[in-house]
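# Reading the structure
Next come the chains, spelled out residue by residue.
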Amino acid sequence: SYLFLWDRLRAIRKDFILQNFTTGGLVNTIVVKAFERMARFFIVMERRLANHPDWHDGIAHGKHNAESLSETLTALIAFYEMAFKLGKSEE
(Lines give C-alpha, C1' and ligand atoms only; values in the text may rest on other atoms or scores of the structure.)
Protein backbone atom coordinates (compact mmCIF):
# COMPACT_ATOMS: atom_id res chain seq x y z
CA SER A 1 0.00 0.00 0.00
CA TYR A 2 0.96 3.65 -0.29
CA LEU A 3 1.78 4.08 3.40
CA PHE A 4 4.14 1.12 3.42
CA LEU A 5 6.04 2.38 0.37
CA TRP A 6 6.10 5.96 1.70
CA ASP A 7 7.58 4.69 4.98
CA ARG A 8 10.24 2.60 3.21
CA LEU A 9 11.24 5.48 0.94
CA ARG A 10 11.49 7.80 3.93
CA ALA A 11 13.80 5.28 5.61
CA ILE A 12 15.97 5.08 2.49
CA ARG A 13 16.23 8.89 2.29
CA LYS A 14 17.17 9.08 5.96
CA ASP A 15 19.78 6.35 5.48
CA PHE A 16 21.42 8.33 2.68
CA ILE A 17 21.38 11.42 4.91
CA LEU A 18 23.07 9.47 7.72
CA GLN A 19 25.68 8.29 5.24
CA ASN A 20 26.43 11.97 4.52
CA PHE A 21 25.19 11.99 0.92
CA THR A 22 22.89 15.01 1.09
CA THR A 23 25.01 17.40 3.15
CA GLY A 24 28.54 16.05 2.98
CA GLY A 25 29.18 16.47 -0.70
CA LEU A 26 29.05 12.78 -1.55
CA VAL A 27 27.34 11.97 -4.82
CA ASN A 28 27.13 8.94 -7.08
CA THR A 29 24.84 7.63 -9.76
CA ILE A 30 23.18 5.04 -7.51
CA VAL A 31 22.03 7.68 -5.05
CA VAL A 32 20.90 10.07 -7.78
CA LYS A 33 18.91 7.35 -9.55
CA ALA A 34 17.31 6.27 -6.27
CA PHE A 35 16.21 9.83 -5.49
CA GLU A 36 14.95 10.34 -9.05
CA ARG A 37 12.81 7.21 -8.74
CA MET A 38 11.50 8.36 -5.37
CA ALA A 39 10.53 11.72 -6.85
CA ARG A 40 8.69 10.01 -9.70
CA PHE A 41 6.83 7.81 -7.21
CA PHE A 42 5.65 10.83 -5.19
CA ILE A 43 4.55 12.66 -8.34
CA VAL A 44 2.61 9.65 -9.65
CA MET A 45 0.95 9.08 -6.27
CA GLU A 46 -0.12 12.72 -6.08
CA ARG A 47 -1.75 12.42 -9.50
CA ARG A 48 -3.37 9.03 -8.95
CA LEU A 49 -4.69 9.69 -5.45
CA ALA A 50 -5.58 13.38 -5.75
CA ASN A 51 -9.31 12.61 -5.97
CA HIS A 52 -9.35 10.00 -3.21
CA PRO A 53 -11.37 11.27 -0.23
CA ASP A 54 -8.68 10.43 2.35
CA TRP A 55 -5.87 12.01 0.35
CA HIS A 56 -6.34 15.58 1.57
CA ASP A 57 -8.87 15.08 4.39
CA GLY A 58 -8.09 13.89 7.87
CA ILE A 59 -5.22 11.48 7.39
CA ALA A 60 -3.04 14.02 5.55
CA HIS A 61 -1.39 11.62 3.11
CA GLY A 62 -1.29 14.42 0.57
CA LYS A 63 0.67 16.64 2.96
CA HIS A 64 3.15 13.85 3.74
CA ASN A 65 3.54 13.14 0.04
CA ALA A 66 4.15 16.82 -0.79
CA GLU A 67 6.73 17.12 2.01
CA SER A 68 8.50 13.95 0.88
CA LEU A 69 8.56 15.17 -2.72
CA SER A 70 9.96 18.53 -1.62
CA GLU A 71 12.71 16.91 0.48
CA THR A 72 13.57 14.53 -2.34
CA LEU A 73 13.76 17.29 -4.95
CA THR A 74 15.87 19.46 -2.64
CA ALA A 75 18.34 16.60 -2.22
CA LEU A 76 18.36 15.99 -5.98
CA ILE A 77 19.21 19.63 -6.65
CA ALA A 78 22.10 19.36 -4.20
CA PHE A 79 23.30 16.16 -5.92
CA TYR A 80 23.09 17.74 -9.38
CA GLU A 81 24.99 20.82 -8.20
CA MET A 82 27.70 18.71 -6.58
CA ALA A 83 28.02 16.52 -9.67
CA PHE A 84 28.32 19.65 -11.81
CA LYS A 85 31.04 21.04 -9.53
CA LEU A 86 32.91 17.75 -9.52
CA GLY A 87 32.69 17.56 -13.29
CA LYS A 88 33.99 21.10 -13.66
CA SER A 89 36.92 20.46 -11.30
CA GLU A 90 38.04 17.49 -13.36
CA GLU A 91 38.37 19.54 -16.55
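The structure contained in this document is the topic of the report that follows.

Cut-offs and rules
Residues numbered from 1 in each chain as written. Predicted model: local features only at pLDDT ≥ 70, side-chain atom pairs only at ≥ 80, totals over all residues. Heavy atoms only, no water. Core = buried A, V, L, I, M, F, W, Y, C linked by side-chain atoms within 4.5 Å. Buried < 20%, exposed > 50% of the residue type's maximum accessible area, 1.4 Å probe, protein only. Helix = DSSP H or I, 4+ residues; strand = E, 2+ residues; numbered from the N terminus. Contact = heavy atoms within 4.5 Å. Expected span 1.5 Å × (residues − 1). Phe/Tyr/Trp six-rings, centres within 6.5 Å; stacked < 30°, edge-to-face > 60°.

### Brief notes about the nonpolar core
Of all hydrophobic cores here, the largest spans 16 residues; its most connected members are Phe35, Phe41, Phe42, Leu76 and Phe79. Residue assignment for this core shows that the elements contributing at least two residues are helix 1 (2-18), helix 2 (29-49) and helix 4 (61-90). When residues of this core are assigned to their parent elements, the largest contribution, eight residues, is made by helix 2. Leave out the neighbours within four places in its chain, and Phe41 touches Tyr2, Leu5 and Leu9.

### Some thoughts on helix 2
Residue pairs spaced three or four apart in an α-helix point in one direction, given the helix's 3.6 residues per turn. Taking 1.5 Å of rise per residue, the 21 residues of helix 2 would be expected to cover 30 Å, and the 30 Å separating its terminal C-alpha atoms lies within 8% of that figure. By the burial criterion, the buried members of helix 2 are Val31, Val32, Phe35, Met38, Ala39, Phe41, Phe42 and Met45.

### Regarding the packing of aromatic side chains
A complete count under the given rule lists three aromatic pairs for this structure. Consider the rings of Phe16 and Phe35, whose centres lie 5.7 Å apart with planes at 50°: the pair is tilted. Of this pair, Phe16 sits in helix 1 while Phe35 sits in helix 2, placing them 19 residues apart in sequence. According to the relative accessible area criterion, Phe35 is buried, its value standing at 1%. Measuring from ring centre to ring centre gives 5.5 Å for Phe41 and Phe42, while their planes differ by 65°; the resulting arrangement is edge-to-face. What makes Phe41 buried here is its relative accessible area of 18%. Taken together, the ring pairs in this structure connect Phe16, Phe35 and Phe79 into an aromatic cluster.

Nothing here speaks to function; it is geometry throughout.
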